[in-house]
Amino acid sequence: MTSTNWIDLRQDRDTGIETIRAHFEGHAYDPHWHDSYLIGFTEQGVQQFHCRRVRHDSTPGHLFFVEPGEIHDGHAPAEGGFTYAMLYLDPDWLQRELRQFATAGTVAGEPGFASTLVDDTPLIASTARAFTTLRQSTSRLERDDALDALLQGLVPHLGWRRRPLTDPRLPRAARRAQELLHANYAEDIGLQTLAEQCGVDRFRLTRAFKSAFGLAPHAYLVQLRLSLARQRLAAGESPASVASQLGFADQSHLGRWFRRAYGLTPASYRQRCGRGG
């Protein structure tokens, strides 16, 4: 991270919600995904990122949403960079809390955002209030009130949908390869072996996989490992242990990929989640 870039990340113990405020100039993040719902707003500058295979340019007054598993990156195209604030909401927590605001018959399945980038000034204010409240030593009632206001503001931007176990639009080989990577995330599986188990040659598998998921199999596996690493570090596991369990060559190897995706070292992320000294 350059001297002009900074990240301030914290985790609320009661809700598990992570709050992040950061500033970047130039390159910010490599393509990656999260297991959380991301809700944030740009405070200053132009925040450029790709999500849902579309480039978005967020400026002050814009709110952005990213669902779990959606690949996105980050870049500052203009001089002076960009500053943003964001909440990482656990899917189970969000679904449980949202159901109290949903009407009967609309709560089946999972919540999903209709758009990635929106203009909603009141919701930006609610997001900022929730961000501040989660970071201050406030009463639980004050925190819950701020989160309820955030959830109520989110409802118009969400739809409930059932996600099939498999997406029929995806090529069979790509779906099978994804299943194998999730089942063997810590193994040093080769592309030839993966292709053979999927019943296609290496080149067809790579083309199908990139078309389906936006990343080549190796890049996808790295992001899968990083997502699992983030969970384990937040739970208090050491970077060295996480690296060895998830198939990284060593702690330095994990650290290089982790910084490229999240802008922090594994040890720093663990510490900011209140799990290490």
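The shown structure was predicted, so the numbers you read here are calculated from the model rather than taken from an experiment.

For unusual backbone geometry, give the residues involved together with the corresponding values.
Residue arginine 52 is not a glycine yet carries a positive backbone phi of 55°. Of note, arginine 53 is a non-glycine position whose phi angle comes to about 65°, a positive value. Its location among the elements puts arginine 53 in the loop between β5 (47–51) and β6 (54–58). Residue classification places arginine 53 among the exposed residues on the basis of a relative accessible area of 64%.

Explain the environment of alanine 22 to me, and be specific about the residues and the numbers.
Along the chain, the position of alanine 22 falls in strand β2 (residues 18–24). Taking the C-alpha atoms as reference points, alanine 22 and proline 217, separated by 195 residues in sequence, lie 30 Å from one another. What alanine 22 contacts, discounting residues up to four positions off in sequence, is Trp6, Ile7, Phe82, Thr83 and Tyr84.

Can you lay out empty space enclosed by the protein for me, pointing to particular residues and giving the numbers?
Under the defined criterion, the tally for this structure stands at one cavity of 30 Å³ or more. Taken as a whole, the largest cavity spans an internal volume of roughly 200 Å³. Lining the largest cavity are 23 residues, and of these Tyr29, Gln47, His72, Tyr84 and Met86 lie nearest its centre. If you tally residues by element for the lining of the largest cavity, the top one is strand β9 (residues 82–89), at four residues.

Now, about the sheet that holds strand β11 (residues 117–118): what can you tell me, with residues and values included?
The six strands are arranged β1-β2-β9-β4-β7-β11 in an open sheet whose pairing can be described as antiparallel. Strands with a single pairing partner mark the edges of an open sheet, and in this sheet they are β1 (6–11) and β11. Bridge analysis of β2 against β9 gives seven bridges, and the strand direction is antiparallel. The residue of β9 that forms the bridge with arginine 21 is alanine 85. Set on the sheet, helix α2 (residues 121–135) makes contact with β1, β2, β4 (37–45), β7 (63–66) and β9; between it and β2 the angle comes to about 110°.

Which residues make up the UniProt feature "domain: HTH araC/xylS-type" (unreviewed entry) in the protein, and what values go with them?
When the UniProt feature table is mapped onto this chain, "domain: HTH araC/xylS-type" (unreviewed entry) is found at residues 175–272. A distance of 36 Å separates the end C-alpha atoms of residues 175–272, which is 74% helix and 0% strand.

So what's going on with the pairing of β2? Which residues, and what values?
On any regular strand, side chains alternate: one points to one face of the sheet, the next to the other face. Counting buried residues in β2 gives six out of seven residues, a clear majority hidden from the surface. Relative to β2, β1 runs antiparallel, the two sharing six bridges. When the sheet's bridge partners are listed, arginine 10 is paired in β2 with threonine 19. Counting the residues that bridge the hairpin from β1 to β2 gives six residues, and of these glycine 16 lies at a positive phi of roughly 80°.

Residues and numbers for the packing of α2 against helix α3 (residues 140–154), please.
Contact geometry for α2 and α3: axes closest at 9 Å, N-to-C directions at 150°. For the element pair α2 / α3, the angle class is roughly antiparallel. The chirality of how α2 crosses α3 is left-handed. Between α2, through Leu123, Ser126, Thr127, Arg129, Ala130, Thr133 and Leu134, and α3, the contact on the second element is made entirely by Glu142, Arg143, Asp145, Ala146, Leu147, Ala149, Leu150, Gly153 and Leu154. Across the contact of α2 with α3, the residue classes break down as eight nonpolar, four polar and four charged.

What counts, and at which threshold
- Residues numbered from 1 in each chain as written.
- Predicted model: local features only at pLDDT ≥ 70, side-chain atom pairs only at ≥ 80, totals over all residues.
- Heavy atoms only, no water.
- Helix = DSSP H or I, 4+ residues; strand = E, 2+ residues; numbered from the N terminus.
- Buried < 20%, exposed > 50% of the residue type's maximum accessible area, 1.4 Å probe, protein only.
- Contact = heavy atoms within 4.5 Å.
- 1 Å grid on protein atoms, 1.4 Å probe; cavity = no way out; pocket = protein on both sides within 12 Å on 5 of 7 lines; lining within 4 Å.
- Points joined across faces, edges and corners; volume = space filled by probe spheres on them.
- Pairing = 2+ DSSP bridges.
- Axes fitted to C-alpha atoms, helices over the stretch in contact; angles between N-to-C directions.
- UniProt positions renumbered as here; feature names shortened; annotations may be inferred.
- Parallel < 35°, antiparallel > 145°, perpendicular 65-115°, else oblique.
- Left-handed = near helix turned anticlockwise from the far one by under 90°.
- Nonpolar A, V, L, I, M, F, W, Y, C, P; charged D, E, K, R; others polar.

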